[in-house]
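Residue-level listing of the chains:
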Amino acid sequence: CASGLCGGIDGKQFGYCCGMAAAAANCSRGCEPSTYLTPVAGMCTNRSISGEACHTSSDCFDSRACLNGTCCSFPTPDADRYDYRDIPDIGCTACNALSGGQCGMCLPGYTLEPMNYGSKLGNRSTICRQVCDPAIEFRSSSYDIFCTKKLAPGRYCNTDQSDACASGVCGATVNHLSARSGDSGFCCGNAAATANCSRGCEPFAMISVAGMCTNRS
């Protein structure tokens, strides 16, 4: 930064370059960006930071969401984000002032969970995740927020995640004696799953036998 000061967002290391006046004043709240606030670019913000009071999201610094009168630690859904980790929490309905704007309440059908998925969703300790119906839905990854419909018989799968298949069984395409965790295969149908098929199940391309336990070599 030309001024020698990068104004961190919510006390973090990343942010926007401060102007000379803000740097001279040792701004600690963060400095305004040039992308959408050109007249005040580089000035020390006078807007609320995460965990402080707000009426609308325009009261919050850096496009943070305003939920239930508190600026959140994540942006509004329509914010044009520069950092892929800094995404909105679609299911959140209220942010907690006592936890620095972390989500404190979720929409019906979502559950508030500890944020333990690495850095993919930013600097949060909680997040709302959709409640999955285990009979018909699964999570395609450990950090997915939304549920995915389970795969039909014959669809490509991985034996590490057999719950992705509607039958609960992913039939590996290798010889069952050498099959390992993480092998790929195709989802078995209910009959093949009930029979504990160990030879692998037919792919979706074989429409008439898709999901059946193969009888081929």
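Quick caveat, the model's predicted, so the values are computed rather than measured. (Residues numbered from 1 in each chain as written. Predicted model: local features only at pLDDT ≥ 70, side-chain atom pairs only at ≥ 80, totals over all residues. Heavy atoms only, no water.)

Peer 1: Can you lay out the overall build of the protein for me, pointing to particular residues and giving the numbers?
Peer 2: Broken down by element type, the protein carries two helices and 13 strands. A burial count over the protein gives 38% of its 217 residues as buried. Here the analysis covers contacts within the protein between residues at least 6 apart in sequence; of these, 26% occur between residues at least 24 apart. Carbon and sulfur atoms form 55% of the exposed surface of the protein, whose accessible area is close to 11,900 Å². (Helix = DSSP H or I, 4+ residues; strand = E, 2+ residues; numbered from the N terminus. Buried < 20%, exposed > 50% of the residue type's maximum accessible area, 1.4 Å probe, protein only. Contact = heavy atoms within 4.5 Å. Areas by Shrake-Rupley, 256 points an atom, 1.4 Å probe, with all protein chains shown as cover.)

Peer 1: So what's going on with the pattern of salt bridges? Which residues, and what values?
Peer 2: If you walk through the whole model with that rule in mind, you get five salt bridges. With a shortest N-O distance of 2.8 Å, Arg 29 and Glu 52 are connected by a salt bridge. Taken together, the positions of Arg 29 in the loop between helix H1 (20–24) and strand S3 (64–67) and Glu 52 in the loop between H1 and S3 put the pair 23 residues apart, joining distant regions of the chain. Overall, Arg 29 belongs to the partly exposed group, its relative accessible area being 27%. Of the charged contacts, one joins Glu 113 and Arg 129 as a salt bridge, the two residues approaching to 3.1 Å between their closest N and O atoms. Of this pair, Glu 113 sits in strand S7 (residues 110–114) while Arg 129 sits in strand S8 (residues 126–130); the two residues are 16 residues apart in sequence, bridging distant segments of the chain. (Salt bridge = Lys/Arg side-chain N within 4 Å of Asp/Glu carboxyl O.)

Peer 1: Help me get a handle on the state of the cysteines, residues and values and all.
Peer 2: One pass over the structure, following the stated rule, counts 13 disulfides. Bridging Cys 157 to Cys 170, the disulfide has an S-S length of 2.0 Å. Handedness here is read from the sign of the S-S torsion; for Cys 157 and Cys 170, about 90°, the answer is right-handed. You can see Cys 157 sitting in strand S11 (residues 156–158) and its partner Cys 170 sitting in strand S12 (residues 170–172), a full 13 residues away along the chain. This pair shows no difference in class: Cys 157 is buried, exactly as Cys 170 is. Cys 1 provides the cysteine sulfur closest to Cys 6, a residue in no disulfide bond, and the two sulfurs are 4.8 Å apart. (Disulfide = S-S within 2.5 Å.)

Peer 1: Please set out the nonpolar core residue by residue, giving values where relevant.
Peer 2: Residues Ala 65, Cys 72, Phe 74, Cys 92, Cys 95, Cys 103, Cys 106 and Cys 128 constitute the largest nonpolar core, which totals eight residues. Contributing elements (two or more residues each) for this core: strand S4 (70–75), strand S5 (92–96) and strand S6 (102–106). (Core = buried A, V, L, I, M, F, W, Y, C linked by side-chain atoms within 4.5 Å.)

Peer 1: Report on unusual backbone geometry, specifying residues and quantitative values.
Peer 2: One non-glycine residue, Asp 62, adopts positive backbone phi at about 60°. Considering the arrangement of structural elements, one finds Asp 62 in the loop between H1 and S3. Residue Asn 68 is not a glycine yet carries a positive backbone phi of 55°.

Peer 1: Could you give me a rundown of the side chain of Glu 202, with the residues and numbers involved?
Peer 2: Of note, Glu 202 is situated in the segment after helix H2 (190–194). Of the polar contacts made by the side chain of Glu 202, one reaches the side chain of Thr 214; its length is 2.7 Å. When sequence neighbours within four positions are dropped, the list of residues in contact with Glu 202 reads Gly 154, Phe 186, Val 209, Ala 210, Gly 211, Met 212, Thr 214, Asn 215 and Arg 216. (Polar contact = N/O pair within 3.5 Å; in protein donor to acceptor, adjacent residues only side chain to side chain.)

Function cannot be inferred from these measures alone, as they are strictly geometric.
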